2 protein chains.
Amino acid sequence: MLSKEPGSPLDESKPPHSLRHVAQLAGVSVATASRVMSGSSHPVSERTRQQVLSAAESLSFVPNRLARALVTARSHTVGVIVHDISDPYFGDIVKGLEDGIHAEDYQLFVANSDRDPEKELNYVRAFDANQVDAIVFAASSLTDPDYADTLQKLATRFRGRGGAIVLLSDHLLEGPRVLFDNHRAAADMVGYLAGRGHRRIGYISGPPELEVSHVRLAGFNAAVAELGLGAGPEYIADGKFTLEGGGAAIPKLLDRVDVTAVLAANDLMAIGATRQLLSMGFAVPDDISVAGLDDIPIAEYGPVPLTTMRVPTYEIGRAGASLVLQALGDDVPADIRLAGEIVVRESVSSIGPPA
Amino acid sequence: MLSKEPGSPLDESKPPHSLRHVAQLAGVSVATASRVMSGSSHPVSERTRQQVLSAAESLSFVPNRLARALVTARSHTVGVIVHDISDPYFGDIVKGLEDGIHAEDYQLFVANSDRDPEKELNYVRAFDANQVDAIVFAASSLTDPDYADTLQKLATRFRGRGGAIVLLSDHLLEGPRVLFDNHRAAADMVGYLAGRGHRRIGYISGPPELEVSHVRLAGFNAAVAELGLGAGPEYIADGKFTLEGGGAAIPKLLDRVDVTAVLAANDLMAIGATRQLLSMGFAVPDDISVAGLDDIPIAEYGPVPLTTMRVPTYEIGRAGASLVLQALGDDVPADIRLAGEIVVRESVSSIGPPA
DNA sequence: CGCGCTCATGTAAACGATTGCCACGGCAAC
DNA sequence: GTTGCCGTGGCAATCGTTTACATGAGCGCG
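Residues numbered from 1 in each chain as written. Chains lettered and ligands numbered in written order. Predicted model: local features only at pLDDT ≥ 70, side-chain atom pairs only at ≥ 80, totals over all residues. Heavy atoms only, no water.

Draft legend 1. Local environment of the packing of helix α6 (residues 117-129) of chain B against helix α7 (residues 145-160) of chain B. Residue and element names in this part refer to chain B. Packing of α6 against α7 brings their axes to within 10 Å, and their N-to-C directions diverge by 10 degrees. Judged by the angle between their axes, α6 and α7 are roughly parallel. Contacts from Pro117, Glu120, Leu121, Val124, Arg125 and Asp128 of α6 reach α7 at Tyr147, Thr150, Leu151, Leu154, Arg157 and Phe158. Of the residues contributing to the contact of α6 with α7, the split by class is 7 nonpolar, 1 polar and 4 charged. (Axes fitted to C-alpha atoms, helices over the stretch in contact; angles between N-to-C directions. Helix = DSSP H or I, 4+ residues; strand = E, 2+ residues; numbered from the N terminus. Parallel < 35°, antiparallel > 145°, perpendicular 65-115°, else oblique. Contact = heavy atoms within 4.5 Å. Nonpolar A, V, L, I, M, F, W, Y, C, P; charged D, E, K, R; others polar.)

In structure tokens form, the structure reads like this:
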């Protein structure tokens, strides 16, 4: 086993170096080279190990992950499906997810469904074809009938192969999930408002077709009841999840009750409400306070910097990563529930101390 | 759905179906099955083709892309490196890129460098190990000395393997690139302002350390000179690329010249300037107009909806995709220069017609 | 001195596709 | 009736790894 054989027939015709080249240069078999490069538990003498290492170094050898994946049946890749990667909400989630799995040397495929069922299914197939170890659904499932069916089939198939599925929102598929507690978010915000002295709080709810609207509304109602604040349908108006929706709700609300604060089911509506209030001559927060939910980027830059509740998007991604890693490590991951965090800005004032 | 053929020697021990299973079920060789499934140019009779197709269908066969990649030396994957995927700027680019390559059935790996040279290099290595066909650098190269060196080496290696490199910003690496014309952006905006009658325009420049500051400033100066507008150092103030930076520049500017409009090198500064103007008692745009550059999401929601120039981020991504595809198709891609587009909102007014 | 261990290494068979080359049957041309 | 080509299809090598199994050296111990 001489390492210095002259004229060893190294095939230099193909530039990228494979394990074979490393082995040859180190004067060992491919198997041995593999064992040291892959950190196998199989024993290798220190001397040999060093030889291989330095050979690899001098050839600047980079192992082919695909070849490895082929035999180990683990690609060390994860695919995530988002509705729209240009939306910072998903951007943040993806960032957290990526950070989390990167720490364990996984790579992330990103797919944009644009909320198109067909497209989403195709991505699942593509991920499957690419042998990803896990698929993460960052958003809720879509509501197409055929879609549900096909997705179930694909999921079963994928799991049969040993793939893990993780959900970061409500979803028709089963699997470990991380959930943001929307009920609690609304309730906590009511609690905050009450803590600042508000006892008549109006609520601008989201469109009833959306599940999240119901949950947040329920949270609002529950808190209001528990704290003995002003309650009843007259305190509630609903609108679309838009600037205009929030604005339009204000007159309706103000016609019916005399509130000192308004909570909107999302920030866009809260900002719309603020604008409307301002244009009607109310001072925010001095006459009426406004709070939102979500903490979208513009919350800080609206007409009045908005007090709202941050949805921990990055943390959702991180939590998702940890579920993925657990699932792939043969643990049985438990669902993760995340709470929001109130970010205080300038749109809520205190009402005279109860003292 | 169990196969109804009695006693066919199908190896049912491994659930996921491979080409072997398909071939067996169709009663042909693996080679033939492959030719059908991969759309090879090798002729296959129509009858056989149908048999294979229906076998594949009934097993819901999904080809293993990794195996294919191993032999074809093409993984059909692309890696993109961004500074921060949660930044909508990069989110948009990634979206465009993804849309573009997805159309040709490529998958996208996303990596977040967090502007950390070490991390970025590791991602390049990881992409290499994963045999991506192309690496896209969405942002400018970092300024670490060792980094530049190592990156060059890695790039050379990667290209030696047949990999393509595409740049979406200024970069130390060579390669096809898509560039946003910053010089022209500033100049065009000056043109727009001049068109609305402004002849004394102040400019809030960015920090001199940044290349982009110089380019935009040059664009401003060039336009102002060409159009014969008020010019000279007194028309220019610089600040950090922040809200505060923009605000602080206003008094300096106003002390020296009497302007009818202010152009800021980015939107954040423009918004900061607007706030400052407002708080000093000026009406925007009636007393002084303000324009920005970039069209960030909050531009629309600032104190006064900002007239600015949209950087075509999505299009940059798309253009990047097209460069990638060209490069992988053995074309020699030419650089792509993209211009911005003025989005008119409410922060700029016309000054009395020259008539 | 030989038995059985452990440790280190090598041999070769996978993994799941693609593809160069060969084989075979039919058919037209000579 | 050969010859040769064309249209099909199979055989087997290959891509770059990992890993089960075999091999062989060295060593302690009875």
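Now that the structure is up, let's keep going.
Draft legend 2. Molecular detail of the interface of chain B and chain A. Facing the 50 residues of chain B at the interface are 50 residues of chain A. Of the roughly 4400 Å² buried at the junction of chain B and chain A (both faces included), carbon and sulfur atoms supply 60%. Among the residues of chain B in contact with chain A, Leu66, Gln107 and Tyr301 of chain B are the three that bury the most area, contributing 16% of the side total. If you look at where chain B meets chain A, you find 6 salt bridges. In this structure, Lys119 of chain A and Asp99 of chain B form a salt bridge, with 3.7 Å as the shortest nitrogen-oxygen distance. One can count 12 residue pairs in polar contact (both at pLDDT 80 or more) joining chain B with chain A. Secondary-structure elements contributing two or more residues to the side of chain B that touches chain A are α4 (65-72), α5 (88-102), β2 (107-112), α6 and α7 of chain B. Looking at which element gives the most residues to the side of chain B that touches chain A, the answer is α5 of chain B, with 8 residues. (Buried area = accessible area lost by both parts, 1.4 Å probe. Salt bridge = Lys/Arg side-chain N within 4 Å of Asp/Glu carboxyl O. Polar contact = N/O pair within 3.5 Å; in protein donor to acceptor, adjacent residues only side chain to side chain.)

Draft legend 3. Examining the protein's contact with DNA strand D more closely. Taken together, 28 residues sit near DNA strand D, with Leu19 and Ser34 of chain A together with Thr32, Arg35 and Thr48 of chain B positioned nearest. Between DNA strand D and Leu19 of chain A there is a distance of 2.7 Å, counted from a phosphate oxygen to a backbone nitrogen or oxygen. When contributions to the surface near DNA strand D are tallied by element, the ones reaching two or more residues are α2 (30-37) and α4 (65-72) of chain A together with α2 (30-37) and α4 of chain B. A per-class count over the surface near DNA strand D returns 14 nonpolar, 10 polar and 4 charged. (Near = heavy atom within 4 Å.)

Draft legend 4. Geometry of the sheet that holds strand β8 (residues 261-264) of chain A. Residue and element names in this part refer to chain A. Taking strand neighbours across the sheet as the criterion, the 4 strands line up as β7-β6-β8-β9 in an open arrangement whose pairing is parallel. Of all strands in the sheet, those with a lone pairing partner are β7 (236-238) and β9 (289-291), marking the two edges. Put simply, the sheet's adjacent strands are angled 20 degrees from each other on average, direction ignored. Bridge count for β8 against β9 is 3 bridges, and the pairing is parallel. If you follow Leu263 over to β9, its bridge partner there is Ala291. Of the strands in this sheet, β6 (201-205), β7 and β8 touch helix α9 (residues 211-227), which is tilted by about 170 degrees from β6. (Pairing = 2+ DSSP bridges.)

Draft legend 5. Up close: a nonpolar patch on the surface. Where nonpolar side chains cluster on the molecular surface, the patch consists of Leu70 and Val71 of chain A together with Leu70 and Val71 of chain B and spans about 390 Å² of accessible area. Contributions of two or more residues to the nonpolar patch are made by α4 of chain A together with α4 of chain B. Within the secondary structure layout, Val71 of chain A lies in helix α4. (Patch = residues over 30% accessible without salt bridge, like charges linked within 9 Å, V, L, I, M, F, W, Y side chains within 5 Å. Areas by Shrake-Rupley, 256 points an atom, 1.4 Å probe, with all protein chains shown as cover.)

Draft legend 6. Spotlight on the relation of the copies chain B and chain A. Note on the copies: chain B fits chain A at an RMSD of 0.1 Å, the axial shift is 0.0 Å, and the rotation between them is 180 degrees. The two molecules are tied by a two-fold rotation axis, judged by turn and shift. Scanning chain B for the C-alpha nearest the rotation axis identifies Phe109 of chain B, at a separation of 2.2 Å. Take the interface residues of chain B: 98% of them recur as interface residues in chain A, which is what a same-surface contact looks like. (Least-squares fit on C-alpha atoms with pLDDT ≥ 70 in both.)

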